[in-house]
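Topology and contacts: notes
Chain residues, written in single-letter form:
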Amino acid sequence: DSLEEARVHASNEKRVKQVKKGIDNMSSYWRKRKRQCIEFISMMEEATEGTISLKKCLKGDGPIDIDSDEAAVVGATAFAKRKKSKISLAGRGVKGGAKMGGDGSGSLRPDERFIGVRLTAQGKPERVYLEE
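Here's a quick rundown of the structure. (Residues numbered from 1 in each chain as written. Predicted model: local features only at pLDDT ≥ 70, side-chain atom pairs only at ≥ 80, totals over all residues. Heavy atoms only, no water.)

This next bit is on the overall build of the chain. Tallying secondary structure elements over the chain gives 4 helices and 2 strands in all. Helices (α) and strands (β) of the chain occur, in sequence order from the N terminus, as α-α-α-α-β-β. Counting only residues that meet the buried cut, the chain has 13% of its 132 residues in that class. Within the chain, contacts between residues separated by at least 24 positions form 26% of all contacts whose residues are at least 6 apart in sequence. (Helix = DSSP H or I, 4+ residues; strand = E, 2+ residues; numbered from the N terminus. Buried < 20%, exposed > 50% of the residue type's maximum accessible area, 1.4 Å probe, protein only. Contact = heavy atoms within 4.5 Å.)

Attention shifts here to unusual backbone geometry. With phi around 55°, Glu-49 is a residue other than glycine that occupies positive phi space. With respect to the helices, strands and loops of the structure, Glu-49 is situated in the loop between helix H2 (10-47) and helix H3 (54-59).

What follows concerns the pattern of salt bridges. Tallying each qualifying case throughout the model produces 1 salt bridge. The closest approach of N and O atoms between Glu-39 and Arg-35, which form a salt bridge, is 3.3 Å. Here the residue Glu-39 and the residue Arg-35 both occupy positions in helix H2, the gap between them amounting to 4 residues, near one helical turn. (Salt bridge = Lys/Arg side-chain N within 4 Å of Asp/Glu carboxyl O.)

Let's shift gears to the packing of aromatic side chains. Evaluation of the coordinates by the stated rule reveals 1 aromatic pair. Centre to centre, the rings of Phe-114 and Tyr-129 are 5.9 Å apart; their planes meet at 70°, and the pair counts as edge-to-face. Within this pair, whereas Phe-114 is found in strand S1 (residues 114-119), its partner Tyr-129 is found in strand S2 (residues 125-129), the two being separated by 15 residues in sequence. A residue is classified by how much of its surface remains accessible, and Phe-114, at 36% relative accessible area, is partly exposed. (Phe/Tyr/Trp six-rings, centres within 6.5 Å; stacked < 30°, edge-to-face > 60°.)

With that settled, the discussion passes to the environment of Ile-41. For Ile-41, the location among the structural elements is in helix H2. Relative accessible area serves as the criterion here: at 5%, Ile-41 is assigned to the buried category. Along the backbone, Ile-41 and Cys-57 are 16 residues apart, and their C-alpha atoms lie at a distance of 8.2 Å. Leave out the neighbours within four places in its chain, and Ile-41 touches Leu-54, Cys-57 and Ile-66.

Further remarks concern a nonpolar patch on the surface. A cluster of nonpolar side chains, contributed by Phe-114, Val-117 and Tyr-129, occupies part of the molecular surface with about 250 Å² of accessible area. Take Tyr-129: its relative accessible area is 32%, and that puts it in the partly exposed class. (Patch = residues over 30% accessible without salt bridge, like charges linked within 9 Å, V, L, I, M, F, W, Y side chains within 5 Å. Areas by Shrake-Rupley, 256 points an atom, 1.4 Å probe, with all protein chains shown as cover.)

So this is what it looks like as structure tokens:
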């Protein structure tokens, strides 16, 4: 009952609007920076007559190493898989899913499969989980 009251409370709607506006501002800034970086590498490709390739740089195979959201997620996935294999060799399995705390506190435990966050093409954040 109090949950429904909190959802319709005016200050909560105001906070939701503030958070959405902040996300929109950060994602537009991110898109601007990404566009500038892509333009720079594209100009480098033209100036070096193909020695530096935009496609290779974005895949991580080029002479310029670029840290992107995708590269960070790929690295985190590889690390998590290595860690999981070491843990399973020791006889302990990784359990996933956000569950209520067993101590009766009602707090949520983090999902152990969570790896990171990336922006979708629409500029919205999306959670990335380790696939089993």
